[in-house]
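Coordinates in review
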Amino acid sequence: KQEVTQIPAALSVPEGENLVLNCSFTDSAIYNLQWFRQDPGKGLTSLLLIQSSQREQTSGRLNASLDKSSGRSTLYIAASQPGDSATYLCAGWAFGNEKLTFGTGTRLTIIP
Amino acid sequence: NAGVTQTPKFRVLKTGQSMTLLCAQDMNHEYMYWYRQDPGMGLRLIHYSVGEGTTAKGEVPDGYNVSRLKKQNFLLGLESAAPSQTSVYFCASSRDRVSNQPQHFGDGTRLSIL
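These lines cover the structure that appears in this document, whether it is placed above or below.

Calculation rules
Residues numbered from 1 in each chain as written. Chains lettered and ligands numbered in written order. Predicted model: local features only at pLDDT ≥ 70, side-chain atom pairs only at ≥ 80, totals over all residues. Heavy atoms only, no water. Helix = DSSP H or I, 4+ residues; strand = E, 2+ residues; numbered from the N terminus. Rg over C-alpha atoms; globule rule 2.2 N^0.38 Å. Areas by Shrake-Rupley, 256 points an atom, 1.4 Å probe, with all protein chains shown as cover. Lys, Arg positive; Asp, Glu negative; His and termini not counted. Charge placed at Lys NZ, Arg CZ, Asp CG, Glu CD. Pairing = 2+ DSSP bridges. Axes fitted to C-alpha atoms, helices over the stretch in contact; angles between N-to-C directions. Salt bridge = Lys/Arg side-chain N within 4 Å of Asp/Glu carboxyl O. Buried < 20%, exposed > 50% of the residue type's maximum accessible area, 1.4 Å probe, protein only.

Scanning chain B from terminus to terminus reveals zero helices and 11 strands. Ordered by position in the sequence, the α and β elements of chain B form the string β-β-β-β-β-β-β-β-β-β-β. Relative to the 2.2 N^0.38 estimate, which gives 13 Å for 114 residues, the radius of gyration of chain B is 13 Å and therefore close to what a compact globule would have. Along the three orthogonal principal directions, the C-alpha set of chain B runs to about 40 × 30 × 25 Å. For chain B, the accessible area works out to roughly 5,300 Å², and carbon and sulfur atoms hold 51% of it. Considering chain B, the positive charge centre built from 12 side chains and the negative charge centre built from 9 side chains are found 4 Å apart.

This is the structure in structure tokens:
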């Protein structure tokens with residue numbers, strides 16, 4: 001059974017700093033991994049999707065990497081801004097499943 | 001472009017009452033999903049559909065039923081609500097199997113069962 005873990009549960013950093021969010025998964029048969037953003041009272045917005053054949057994906061100030069051998073993915077946010085404050089969730093899709101397995105998220109606060 | 005729309009946004013029920021949550025998408029997506037989100041547990045899949053007229057059980061289907069009579073709509077029903085079903089419910093859709101395409105989420109329905 002796929003398990004996805006995100007540590008820490010909460011993180012506060014000063015504005016302007018670069019930061020890394022971590023995601024660990026147990027099933028090496030993972031096919032892809034997605035990173036989502038969730039604002040309070042809102043649904044999830046897909047940020048980046050990394051296929052298992054890829055090592056990383058980039059969108060603007062965001063860069064996500066995937067290392068299947070170590071069971072880890074990271075989301076790198078460059079030059080953080082207060083508008084980046086949100087909860088970030090990762091979710092993995094493994095062969096044989098028809099579902100995403102979600103982590104419980106990291107609540108990020110950017111301090112102005 | 002509305003994307004994924006969920007109604008209602010909030011609801012309070014008494015134990016034993018029934019209700020239906022409606023999800024509508026205007027992106028012509030084949031795949032639709034219902035999740036529940038609980039503190040400390042992440043999102044869990046309740047039921048999903050791979051096309052009009054199809055439904056399948058997810059991770060936590062007990063106590064829920066679904067229907068997909070039209071491609072754009074996916075309904076989640078609670079026949080006899082229980083306090084354990086207090087949660088935030090999210091609907092999502094995707095063009096293809098999520099292995100290839102990202103899922104698009106609605107803003108959620110916050111449901112309290114007293």
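After that view of the structure, there is still more to cover.
Okay, the environment of Ala2(B) next. Relative to the assigned elements, Ala2(B) resides in the segment before strand 1 (4–7). When the C-alpha atoms of Ala2(B) and Leu75(B) are compared, they prove to be 18 Å apart, with 73 residues separating the residues in sequence.

Here the focus is the sheet that holds strand 8 (residues 73–78) of chain B. Residues and elements named next belong to chain B. Strands sit in the order 1-3-8-7 across an open sheet of four strands; the sheet is antiparallel. Two strands bound the open sheet, and with one partner strand each, they are strand 1 and strand 7 (64–67). Within the sheet, the average angular offset between the axes of one strand and its neighbour, ignoring direction, is 20°. As judged from the four bridges shared by strand 1 and strand 3 (residues 19–25), these two strands associate in the antiparallel manner. Along strand 3, the bridge assignment pairs Thr7 with Leu22.

Bringing unusual backbone geometry into the picture now. The linkage connecting Ile7(A) with the following residue, Pro8(A), adopts the cis geometry, with an omega of 5°. Inspection of the secondary structure puts Pro8(A) in the loop between strand 1 (4–5) and strand 2 (10–14). Across the junction of Thr7(B) and Pro8(B), the peptide omega takes the value -5°, indicating a cis bond. Relative to the elements of secondary structure, Pro8(B) occurs in the loop between strand 1 and strand 2 (10–13).

Let's shift gears to the pattern of salt bridges. According to the stated counting rule, one finds six salt bridges over all chains in the structure shown. Note that Lys42(A) is salt-bridged to Asp107(B), the shortest N-O span being 3.8 Å. With Lys42(A) in the loop between strand 4 (30–38) and strand 5 (44–51) and Asp107(B) in the loop between strand 10 (104–105) and strand 11 (109–113), the pair connects residues from two separate chains. Exposure remark for Asp107(B): the relative accessible area of 34% places this residue in the partly exposed category. Note that Asp38(B) is salt-bridged to Arg36(B), the shortest N-O span being 2.9 Å. When its relative accessible area of 11% is taken as the criterion, Asp38(B) is described as buried. On the basis of relative accessibility, which here comes to 8%, the residue Arg36(B) falls in the buried class.

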